[in-house]
Amino acid sequence: QVQLVESGGGLVQAGGSLRLSCAASGSIFSINAMGWYRQSPGKQRELVATITKGGSTNYADSVKGRFTISRDNAKNTVYLQMNSLKPEDTAVYYCNGAVVIEPFRKVNDYWGQGTQVTVSS
């Protein structure tokens, strides 16, 4: 089974930083695009950042200049460096990957279980 596991969430004061990691494991040939999404109570899940296998990125306007997405293809891992955190960044953060699965190399979308990020004022 393919599994994506996030880590690095926690409590941080406004202005602080966190680095989230999401490692994929299983029968993986490769992973195409990966991304981070977040959801707060009463709100829709929103895109935070995405990154292609080749390293092209895009970000939500609300996090541009503060967050950086990166990946290590050898480790099947995607990261989200979050700087200058604000209380409004408080949410459950989910990672996502379009995983090419062995042995037939079909593509399936997988989600992690989520990790809580709480930013205090």
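Residues numbered from 1 in each chain as written. Predicted model: local features only at pLDDT ≥ 70, side-chain atom pairs only at ≥ 80, totals over all residues. Heavy atoms only, no water.

On to the state of the cysteines, then. Two cysteines whose sulfur atoms are joined by a covalent bond form what is called a disulfide. The tally for this structure, following the rule as stated, stands at 1 disulfide. Linked covalently through their sulfurs, Cys-22 and Cys-95 form a disulfide whose S-S length is 1.8 Å. Its S-S torsion of about 45° marks the bond between Cys-22 and Cys-95 as right-handed, since a negative value means left-handed. Residue Cys-22 is found in strand β3 (residues 18-25), and its partner Cys-95 is found in strand β9 (residues 91-101); the two are separated by 73 residues along the sequence. Both residues of the pair, Cys-22 and Cys-95, belong to the buried class. (Disulfide = S-S within 2.5 Å. Helix = DSSP H or I, 4+ residues; strand = E, 2+ residues; numbered from the N terminus. Buried < 20%, exposed > 50% of the residue type's maximum accessible area, 1.4 Å probe, protein only.)

Right, let's talk about the nonpolar core for a bit. Generally speaking, a soluble globular protein has its nonpolar side chains buried in company with each other. Counting residues in hydrophobic clusters, the biggest one holds 30 residues, and the most contacted among them are Trp-36, Leu-80, Met-82 and Tyr-93. Those elements that provide at least two residues to this core are β3, β4 (28-39), β5 (46-51), β7 (67-72), β8 (77-82), β9 and β11 (115-120). Here this core gets 5 residues from one element, more than from any other, and that element is β9. Discounting chain neighbours no more than four positions away, the residues touching Tyr-93 are Glu-6, Leu-20, Trp-36, Tyr-37, Arg-38, Val-48, Phe-67, Leu-80, Met-82, Gly-114, Thr-115 and Val-117. (Core = buried A, V, L, I, M, F, W, Y, C linked by side-chain atoms within 4.5 Å. Contact = heavy atoms within 4.5 Å.)

Spatially, 4 strands are ordered β1-β3-β8-β7 in an open sheet, and the strand pairing comes out antiparallel. Both outer strands of the open sheet, β1 (3-7) and β7, are each paired with one neighbouring strand and no more. Each adjacent strand pair in this sheet contributes to an overall mean axis angle of 15°, direction not counted. Bridge count for β7 against β8 is 6 bridges, and the pairing is antiparallel. (Pairing = 2+ DSSP bridges. Axes fitted to C-alpha atoms, helices over the stretch in contact; angles between N-to-C directions.)

As a further point, take the packing of aromatic side chains. One pass over the structure, following the stated rule, counts 1 aromatic pair. Here the guanidinium or amino end of Arg-45 rests over the ring plane of Tyr-94, the centre of that ring lying 3.8 Å away. Over the ring of Trp-111 we find Arg-45; its NZ or CZ atom is 4.8 Å from the centre of that ring. (Phe/Tyr/Trp six-rings, centres within 6.5 Å; stacked < 30°, edge-to-face > 60°. Lys NZ or Arg CZ within 6 Å of the ring centre and 35° of its normal.)

Let us look at the side chain of Asn-96. Structurally, the position occupied by Asn-96 is in strand β9. Judged by its relative accessible area of 7%, Asn-96 is buried. A polar atom in the side chain of Asn-96 sits 2.9 Å from the side chain of Asp-109. (Polar contact = N/O pair within 3.5 Å; in protein donor to acceptor, adjacent residues only side chain to side chain.)

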